[in-house]
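# Residue-level structure breakdown
Read off the chains here:
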Amino acid sequence: MASAPRVEVRVQAEDFDLGAEMAALTGGRADIGGVASFIGLCRDEGGTLAALELEHYPGMAESAIRAIAEQAAERFSLSAILAIHRYGKIAPGGQIVLVAAAAPHRHAAFQGAEFLMDYLKTEAPFWKKEHLADGSSGDWVSAKDADDSARDRWKAGS
Amino acid sequence: MKLIYFAWVRERIGKADEEIDLPEGVVTISDLIEHLKTRGEEYEAAFAFPEVIRAAIDHEHVEHSEKIGSAKEVALFPPMTGG
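About the criteria used
- Residues numbered from 1 in each chain as written.
- Chains lettered and ligands numbered in written order.
- Predicted model: local features only at pLDDT ≥ 70, side-chain atom pairs only at ≥ 80, totals over all residues.
- Heavy atoms only, no water.
- UniProt positions renumbered as here; feature names shortened; annotations may be inferred.
- Pairing = 2+ DSSP bridges.
- Helix = DSSP H or I, 4+ residues; strand = E, 2+ residues; numbered from the N terminus.
- Axes fitted to C-alpha atoms, helices over the stretch in contact; angles between N-to-C directions.
- Contact = heavy atoms within 4.5 Å.
- Buried < 20%, exposed > 50% of the residue type's maximum accessible area, 1.4 Å probe, protein only.
- Arc of directions from axis to C-beta.
- Parallel < 35°, antiparallel > 145°, perpendicular 65-115°, else oblique.
- Left-handed = near helix turned anticlockwise from the far one by under 90°.
- Nonpolar A, V, L, I, M, F, W, Y, C, P; charged D, E, K, R; others polar.

The name an unreviewed UniProt entry gives chain B is Molybdopterin converting factor subunit 1, with Pseudohoeflea suaedae as the organism.

Looking at an unreviewed UniProt entry, chain A carries the name Molybdopterin synthase catalytic subunit, with the source organism given as Pseudohoeflea suaedae. According to its UniProt record, chain A has this under Catalytic activity (unreviewed entry): "2 [molybdopterin-synthase sulfur-carrier protein]-C-terminal-Gly-aminoethanethioate + cyclic pyranopterin phosphate + H2O = molybdopterin + 2 [molybdopterin-synthase sulfur-carrier protein]-C-terminal Gly-Gly + 2 H(+)". Annotation of chain A in UniProt includes, under Pathway (unreviewed entry), the sentence "Cofactor biosynthesis; molybdopterin biosynthesis."

Structure follows, in structure tokens:
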């Protein structure tokens with residue numbers, strides 16, 4: 001019987017350090033065979049974007065991500081799972097989100113990280129607003145149908 | 001009950017949150033959105049396309065058909081774009 005998965009979720013303005021987070025996630029564990037991580041970065045959209053401003057729902061953002069992370073941990077029998085999502089203004093090249101899934105074998109780790117990202121994109125209460133390089137305030141980023149499709153493929157046949 | 005708005009819903013209405021007493025006949029999220037649309041052009045602008053609006057009751061995602069009941073906090077917002 002595997003021990004309960006470690007589930008770590010943080011919503012913060014501060015940046016994060018992948019190496020330190022990996023060490024914390026796997027530290028003291030000898031049963032983890034692999035960790036798959038993904039970091040989402042702010043793109044400059046061909047030089048037109050000065051920054052993204054991320055708004056979030058403080059009362060709900062962490063609990064919504066935690067619910068998804070717990071689902072992923074159970075579905076893929078993960079040893080540990082981590083999600084950090086930043087809010088506030090982030091410049092191109094800056095880190096926005098980190099997810100990492102640890103498991104005895106690679107397949108579950110890759111799937112766990114991808115599942116968490118796909119659900120997080122469409123169900124975690126965050127919204128991105130563009131600030132443009134010419135100094136003007138840009139639009140709110142539109143939700144993409146492709147993101148809904150990416151989430152929904154996890155439902156098929158389950 | 002507390003109403004809370006995010007992103008362009010918040011911008012169009014011009015405030016982040018407000019307290020309201022639910023009028024009689026407002027039972028579901030859908031009813032609530034229709035009621036809010038009668039409160040002025042800023043609300044009409046925010047809810048011109050109600051089908052795109054997402055809702056949460058006390059921090060849980062819900063459908064528009066969900067009954068508001070004795071909720072403490074209802075949030076209305078655009079589709080999410082995190083990650």
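Anyway, onward from the coordinates.
### Structural notes on the sheet that holds strand 4 (residues 60–62) of chain B
All names here are of chain B. Taking strand neighbours across the sheet as the criterion, the five strands line up as 2-1-5-3-4 in an open arrangement whose pairing is mixed. Two strands bound the open sheet, and with one partner strand each, they are strand 2 (17–19) and strand 4. Sheet twist, expressed as the average angle between the axes of neighbouring strands with direction ignored, equals 25 degrees. Here four bridges tie strand 1 (residues 2–5) to strand 5 (residues 73–77), and the two strands are oriented parallel to one another. Looking across to strand 5, one finds that Tyr 5 is bridged to Leu 76. Sheet strands touched by helix 2 (residues 29–36): strand 1, strand 3 (54–57), strand 4 and strand 5. Its angle to strand 5, the strand with the most contacts, is close to 70 degrees.

### Here we look at helix 1 (residues 18–26) of chain A
Residues and elements named next belong to chain A. Listing the buried residues of helix 1 in full gives Glu 21, Met 22 and Leu 25. Looking down the long axis of helix 1, one finds its buried residues gathered within 100 degrees of arc, a one-sided arrangement. Each element contacted by the buried residues of helix 1 is listed here: strand 1 (6–12), strand 2 (34–41), strand 4 (80–86) and strand 6 (95–103).

### A few points about the sheet that holds strand 5 (residues 88–90) of chain A
All names here are of chain A. Here we have four strands laid out as an open sheet, ordered 5-3-7-8, and antiparallel in their pairing. Here the strands that pair on one side only, and so sit at the sheet edges, are strand 5 and strand 8 (137–140). Along the sheet, successive strands turn relative to each other by an average axial angle of 25 degrees, direction set aside. Across three bridges, the pairing between strand 3 (residues 49–56) and strand 5 is antiparallel. When the sheet's bridge partners are listed, Glu 53 is paired in strand 5 with Lys 89.

### A few points about the packing of helix 2 (residues 61–75) of chain A against helix 3 (residues 106–123) of chain A
Residues and elements named next belong to chain A. Where helix 2 contacts helix 3, the axes come no closer than 9 Å and their chain directions differ by 155 degrees. Taken together, helix 2 and helix 3 sit at an angle that is classed as roughly antiparallel. For the crossing formed where helix 2 meets helix 3, the hand is right-handed. Here Ala 64, Ile 65, Ile 68, Ala 69, Gln 71, Ala 72 and Arg 75 of helix 2 come into contact with helix 3, specifically with Gly 112, Phe 115, Leu 116, Tyr 119, Leu 120 and Glu 123. Across the contact of helix 2 with helix 3, the residue classes break down as nine nonpolar, two polar and two charged.

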